[in-house]
Amino acid sequence: MNEEHFKKIISHAKEFGFIFPSSEIYDGLSATYDYGQNGVELKKNIKNYWWQSMVQMNENIVGIDAAIFMHPKTWKASGHIDAFNDPLIDNKDSKKRYRADVLIEEHINKIENKINKEISKGKKRFGDDFNEKEFRNTNPNIKRRNEEIERIEKSMGKAFENDDLNAIYELIIELGIVCPVSGSKNWTEVRQFNLMFKTELGSVSGESSSIFLRPETAQGIFVNYLNVQKTGRKKIPFGIAQIGKAFRNEIIARQFIFRMREFEQMEMQFFIAPGTQEKWYTHWKNERIKWHKALGIPEDFLRFHDHIKLAHYADAACDIEFKFPFGFKELEGIHSRTDFDLKQHEELSKKKLRYFDPEKNESYIPYVIETSIGLDRMFLALFSHSLKDETLDDGTSRTVLSLPYSLAPNKVAVLPLVKKDGLPEKAKEIFNRLKLNFNCIYDEKDSIGKRYRRNDALGTPFCLTIDYETIEDGAVTIRERDTMTQKRIPILELNEYIDSKVNMNVLL
Ligand code: ATP
């Protein structure tokens with residue numbers, strides 16, 4: 001874990017108005033955060049990038065915005081009331097609570113780290129002649145460790161399949177897993193804990209009934225799929241996308257905005273003919289990894305991870321994992337959900353949820369491929385990957401948030417060189433021209449160098465300096481964040497130039 005970098009991310013996010021702890025004046029509320037003036041813009045841009053790439057770029061995908069509250073039967077049908085549980089375990093000495101599967105996965109990570117160390121050693125020893133694949137296949141230590149990982153994954157998979165919590169407990173004991181806080185192996189048994197938040201609907205006593213805050217946005221799509229299909233005259237395959245809040249009473253809610261109790265999901269359900277799920281599962285895996293890579297995230301920061309423990313609704317599932325400062329962790333899930341959800345809703349609602357396929361001349365319940373990404377996790381992935389300390393040629397250093405230009409909260413900072421002689425007025429004039437197209441910052445405080453640094457830390461792609469020459473030649477100095485190069489550009493060309501660099505089209 002790169003603890004220093006992680007701490008820096010949290011403090012930078014606060015100092016520059018991206019993320020604040022929620023209700024901070026009351027010492028905060030655990031695992032709940034508020035997005036500040038710059039965070040809200042970055043988050044909105046990530047949403048737009050996702051929405052445009054799903055809804056705008058695919059003629060067979062449309063969006064909806066369903067309510068957070070749903071009829072309680074929804075969650076019976078979806079299986080969340082009976083099966084949306086996490087296996088929890090407590091350490092009797094530290095009184096800390098953990099997810100049993102996470103403890104085991106962290107143990108596997110440790111073994112993987114040992115393998116990676118072995119590979120680094122091999123690379124050093126053999127230099128250019130190093131063949132990683134062969135080394136993995138022949139090195140006895142690596143082989144032994146891989147076998148160990150396979151064995152643990154198999155045992156865990158089997159235990160979950162059989163709902164055998166005792167077997168999970170036994171595995172934790174057998175692997176000698178200790179509590180990271182107390183260092184002891186003094187564990188309680190493993191228990192199931194339902195993650196849904198429950199509340200009461202209705203204010204008159206006796207008339208209220210329990211409802212839930214939705215733990216995923218997907219069900220709002222399922223219950224509306226025929227509405228959309230019929231009113232939109234959609235033919236299979238087609239997709240429905242949605243961005244919205246979801247709520248889970250997480251057992252371990254830490255790691256900043258990675259795991260929160262209130263968070264936002266961007267989900268797309270793709271409705272397909274039964275039997276075509278393998279093809280579409282592969283299709284969406286490819287599409288989604290392309291989406292991440294278009295943001296300039298390097299290959300070695302992303303990887304696929306196939307699920308061992310399949311959720312109650314899935315016949316195949318994988319995660320796209322991102323290398324967060326605390327290691328590779330799930331960023332997005334891609335699930336082949338079969339016809340599980342629609343079939344369940346048909347049964348409980350007693351309404352036909354079949355699609356009539358005009359080509360096959362038959363009715364069926366569609367199968368579904370889902371892509372589901374956490375907006376906040378995506379925010380953290382981008383933020384942690386973009387935040388850098390750079391040493392410059394002159395020996396000084398700067399902190400820069402090198403977000404993709406299209407996603408940066410502000411695109412332009414308009415900076416009069418001095419606060420007099422008509423420069424602020426000229427700068428305001430330019431600001432007013434640009435604000436129609438871009439989020440702009442106007443800043444006249446401090447030296448120009450300090451203002452550049454401040455905007456680097458905010459991720460602003462362009463700084464415009466308005467100086468005495470501007471009044472005469474109608475041009476400004478434009479400084480680019482990443483290269484720090486400066487050039488003169490006529491005011492009349494600014495809109496087009498900046499647009500060509502920051503437009504979302506660059507990513508799409
Ligand atoms: P995890 O195993 O990390 O708990 P999950 O497998 O339960 O995640 P899904 O149900 O697949 O997650 O949800 C889809 C996406 O929603 C995840 O990939 C993640 O990005 C996001 N997500 C899930 N839970 C949270 C949370 N508590 N806080 C923030 N984002 C979340």
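Above this text is the structure in question.
Summarised in this report is the structure supplied together with it. It should be emphasised that the depicted structure is a prediction, and the values quoted were computed from it without experimental measurement.

Okay, the overall build of the chain next. When its secondary structure is counted, the chain shows 17 helices and 23 strands. In terms of C-alpha radius of gyration, the chain reaches 26 Å, essentially the compact-globule figure of 23 Å for 508 residues. In terms of principal-axis extent, the alpha carbons of the chain reach across some 80 × 65 × 55 Å. Taken across its 508 residues, the chain has 49% of its residues classed as buried. Taking as baseline every contact in the chain between residues at least 6 positions apart, the subset at least 24 positions apart corresponds to 66%. Approximately 25200 Å² of the chain is accessible, and the part contributed by carbon and sulfur atoms is 48%. Side-chain charges of the chain comprise 77 positive and 78 negative groups, with the mean position of each set lying 1 Å from the other.

Before going further, it helps to spend a moment on the pattern of salt bridges. Counted under the stated rule, the structure contains 35 salt bridges. For Glu216, the salt bridge goes to Arg337, with nearest N and O atoms at 3.2 Å. Note that Glu216 is positioned in the loop between strand 8 (209-212) and helix 9 (218-222) and Arg337 in strand 13 (residues 327-338), a separation of 121 residues in sequence. For Arg337, a relative accessible area of 0% puts it in the buried group. Between Lys343 and Asp339 there is a salt bridge, and its shortest N-O distance comes to 3.7 Å. A network of salt bridges, in which partner residues are shared, links Glu390, Arg398, Arg453, Asp456 and Arg479.

At 3.6 residues per turn, the α-helix brings residues three or four places apart onto the same side. Of all the positions in helix 8 (residues 165-174), only Ile168, Leu171 and Ile172 are classed as buried. For helix 8, the angular spread of buried residues about the axis comes to 100 degrees, placing them on one side. Against the buried residues of helix 8 lie strand 4 (85-90), helix 5 (100-126) and helix 7 (140-161). Taken from the residues just after helix 8, Gly176 is the one with a positive phi, measuring 65 degrees.

Turning next to the environment of Arg337. Sequence separation of Arg337 and Tyr225 is 112 residues, and the distance between their C-alpha atoms is 15 Å. Contact partners of Arg337, with chain neighbours within four places excluded, come to Glu216, Ala218, Gln219, Phe222, Gln269, Tyr313, Ala314, Val368 and Glu370. A polar atom in the side chain of Arg337 sits 2.7 Å from the side chain of Glu370.

Before going further, it helps to spend a moment on the sheet that holds strand 22 (residues 475-480). One open sheet holds the five strands; their spatial order is 20-19-21-22-23, and the pairing between them is mixed. For this open sheet the edge positions go to strand 20 (440-442) and strand 23 (486-490), each flanked by a neighbour on one side alone. On average, each strand axis in the sheet is inclined to that of its neighbour by 30 degrees, with strand direction left out of account. Strand direction decides the pairing type here: strand 19 (residues 412-416) and strand 20, joined by three bridges, are parallel.

Attention now goes to the site of the ligand. Near the ligand lie 16 residues; those nearest to it are Glu250, Arg259, Met260, Glu330 and Leu331. In the model, an oxygen atom of the ligand is placed 2.8 Å from a nitrogen or oxygen of the Leu331 main chain. Note that an oxygen atom of the ligand is positioned 2.9 Å from one of the backbone N or O atoms of Gly374. Bound to the protein, the ligand loses 88% of the 590 Å² it would expose on its own. Of all the secondary structure elements, the ones that give two or more residues to the shell around the ligand are strand 10 (262-272), strand 13 and strand 16 (367-374). The element best represented in the shell around the ligand is strand 13, accounting for five residues. When the residues that make up the shell around the ligand are grouped by side-chain class, the tally is four nonpolar, five polar and seven charged.

Right, let's get into the sheet that holds strand 12 (residues 316-324). Read from one edge to the other, the open sheet built from seven strands follows the order 3-9-10-16-13-12-11, with strand pairing classed as mixed. The sheet is open, and its two borders are formed by strand 3 (61-63) and strand 11 (302-306), each paired with just one other strand. Strand after strand, the sheet turns through a mean of 25 degrees between neighbouring axes, direction not considered. Of the pairings in the sheet, the one linking strand 3 to strand 9 (residues 238-247) comprises three bridges and is parallel in character. Bridge pairing in strand 9 places Gly63 opposite Ala241.

About the criteria used
- Residues numbered from 1 in each chain as written.
- Predicted model: local features only at pLDDT ≥ 70, side-chain atom pairs only at ≥ 80, totals over all residues.
- Heavy atoms only, no water.
- Helix = DSSP H or I, 4+ residues; strand = E, 2+ residues; numbered from the N terminus.
- Rg over C-alpha atoms; globule rule 2.2 N^0.38 Å.
- Buried < 20%, exposed > 50% of the residue type's maximum accessible area, 1.4 Å probe, protein only.
- Contact = heavy atoms within 4.5 Å.
- Areas by Shrake-Rupley, 256 points an atom, 1.4 Å probe, with all protein chains shown as cover.
- Lys, Arg positive; Asp, Glu negative; His and termini not counted.
- Charge placed at Lys NZ, Arg CZ, Asp CG, Glu CD.
- Salt bridge = Lys/Arg side-chain N within 4 Å of Asp/Glu carboxyl O.
- Arc of directions from axis to C-beta.
- Polar contact = N/O pair within 3.5 Å; in protein donor to acceptor, adjacent residues only side chain to side chain.
- Pairing = 2+ DSSP bridges.
- Axes fitted to C-alpha atoms, helices over the stretch in contact; angles between N-to-C directions.
- Near = heavy atom within 4 Å.
- Nonpolar A, V, L, I, M, F, W, Y, C, P; charged D, E, K, R; others polar.

Without other data, these values stay purely geometric and don't point to any function.
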